Amino acid sequence: MIAVNNKEKIEKILELKKQKNAAILAHNYQIPEIQELADYVADSLGLAKKAQEMESEIIVICGADFMAETAKALNLKKKILIPSLEANCPMARMLSVSDIKRAKQKNPNAKVILYVNSRIDARAHADACCTSANAIEIINAIDGDEILFGPDKNLGMYVKKHTDKKIIYLPENGYCYAHKQFTKEGILEVKAEHPNALILVHPECDMNIQEMSDYIGSTSQMLKYAKESNENEFIIGTEVGLLHQLEKQNPEKKFYPGCDDAVCIQQKKINLDNLLESLEKEQYEVKIDSEIAEKAGNAIRKMFELV
Ligand code: CIZ
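So, a few notes on the structure that sits alongside this text. (Residues numbered from 1 in each chain as written. Predicted model: local features only at pLDDT ≥ 70, side-chain atom pairs only at ≥ 80, totals over all residues. Heavy atoms only, no water.)

## Brief notes about the overall build of the protein chain
Then step 1. A tally of helices and strands in the protein chain yields 14 helices and 12 strands.
Then step 2. For the protein chain, the spread of C-alpha atoms along the principal axes amounts to about 55 × 55 × 30 Å.
Then step 3. In the protein chain, which comprises 307 residues, the proportion classed as buried is 56%.
Then step 4. Contacts spanning at least 24 positions in sequence make up 62% of the contacts within the protein chain whose residues lie at least 6 apart.
Then step 5. Just so you have it, the protein chain exposes about 13900 Å², and 47% of that area is on carbon and sulfur atoms. (Helix = DSSP H or I, 4+ residues; strand = E, 2+ residues; numbered from the N terminus. Buried < 20%, exposed > 50% of the residue type's maximum accessible area, 1.4 Å probe, protein only. Contact = heavy atoms within 4.5 Å. Areas by Shrake-Rupley, 256 points an atom, 1.4 Å probe, with all protein chains shown as cover.)

If you want it as structure tokens, here you go:
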């Protein structure tokens with residue numbers, strides 16, 4: 001049931017969206033109200049592709065700041081908005097341009113592959129970007145046997161199991177704090193309550209969590225897996241926001257969070273109020289220095305070329 005004041009906000013948002021020829025793209029970790037209102041809900045790869053295809057003059061990205069920056073780097077002529085400046089990614093801030101330059105000096109032949117969840121100025125120094133949905137393919141496809149990879153070490157270690165290439169982690173121990181919440185004991189407790197449930201986890205989870213799972217994948221891959229599976233119950237090892245799409249797309253199946261605390265606080269900063277304000281005031285517009293936008297855009301486009 002939609003609360004009355006929410007109903008009014010939603011109506012205003014939809015009206016403004018139409019008036020301004022705007023589109024709303026939301027990440028799988030957004031709160032349900034935002035996911036329900038969006039024109040498109042996906043992982044960061046899906047959002048990046050969609051932003052390129054859309055004709056809308058304004059695109060509001062309800063997701064983390066790096067996703068809005070990706071949309072801007074790929075769509076320099078469009079107005080890209082993010083409703084909250086607090087929707088940033090702490091993991092992205094674990095890797096700086098100087099870290100990359102230092103690592104390149106030590107490993108001059110290595111290719112730099114950065115998870116899109118990194119700062120836009122860092123991505124301007126990458127040979128290619130990747131997401132959790134395509135990291136294995138990108139690393140195997142890029143020309144070069146030594147890879148500087150960052151900032152998520154768990155994703156890097158997951159890829160390492162599927163490649164013969166040498167992976168050097170950048171920084172040494174980058175991580176997503178929401179995915180760090182999962183513990184083996186916690187998941188086993190949920191499993192004890194639901195013994196038939198399959199365990200699906202994200203590659204940003206620690207290796208001991210990956211090792212106890214039935215399936216490892218990005219959010220888009222988990223959605224596909226759950227839909228196609230003959231099983232009916234799943235324990236979910238990623239940010240809790242994904243539960244909304246899983247339940248919506250599979251009303252007959254049951255999904256249990258592997259940990260209730262796996263919450264990306266920053267993504268949850270986006271709500272109906274600041275989305276409405278964002279459309280009203282056309283704030284906060286994503287601006288990127290043109291040289292950085294061009295170089296980071298090349299690394300993102302390279303990802304599309306490679307897979
Ligand atoms: O790439 C993304 O969108 C993130 C942050 C997670 C995922 O697996 O979709």
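## A closer look at the sheet that holds strand E3 (residues 58–62)
Then step 1. With parallel pairing, four strands are arranged side by side in an open sheet as E2-E1-E3-E4. Each of the sheet's edge strands pairs with one partner strand only, and the pair in question is strand E2 (40–42) and strand E4 (79–81). Across the sheet, the axes of successive neighbouring strands diverge by a mean angle of 20°, strand direction being ignored.
Then step 2. Where strand E1 (residues 22–27) meets E2, three bridges bridge the pair, whose relative direction is parallel. What sits directly across from alanine 26, in E2, is valine 41.
Then step 3. Along the sheet, helix H13 (residues 272–281) contacts E1, E3 and E4; its crossing angle with E3, the most-contacted strand, is approximately 160°. (Pairing = 2+ DSSP bridges. Axes fitted to C-alpha atoms, helices over the stretch in contact; angles between N-to-C directions.)

## A short note on the packing of helix H11 (residues 219–228) against helix H12 (residues 242–249)
How two helices sit against one another is set out by the angle between their axes and by the gap between those axes.
Then step 1. Look at H11 against H12: their axes get within 10 Å of each other, and the N-to-C directions meet at 30°. Taken as axis vectors, H11 and H12 run roughly parallel relative to one another. Crossing hand, H11 versus H12: right-handed. Side by side, H11 and H12 meet where Thr219, Met222, Leu223, Ala226 and Lys227 of the first sit next to Leu242, Gln245, Leu246 and Gln249 of the second.
Then step 2. The class makeup of the residues in the contact of H11 with H12 is five nonpolar, three polar and one charged. (Parallel < 35°, antiparallel > 145°, perpendicular 65-115°, else oblique. Left-handed = near helix turned anticlockwise from the far one by under 90°. Nonpolar A, V, L, I, M, F, W, Y, C, P; charged D, E, K, R; others polar.)

In short, shape yes, function no, at least from these values alone.
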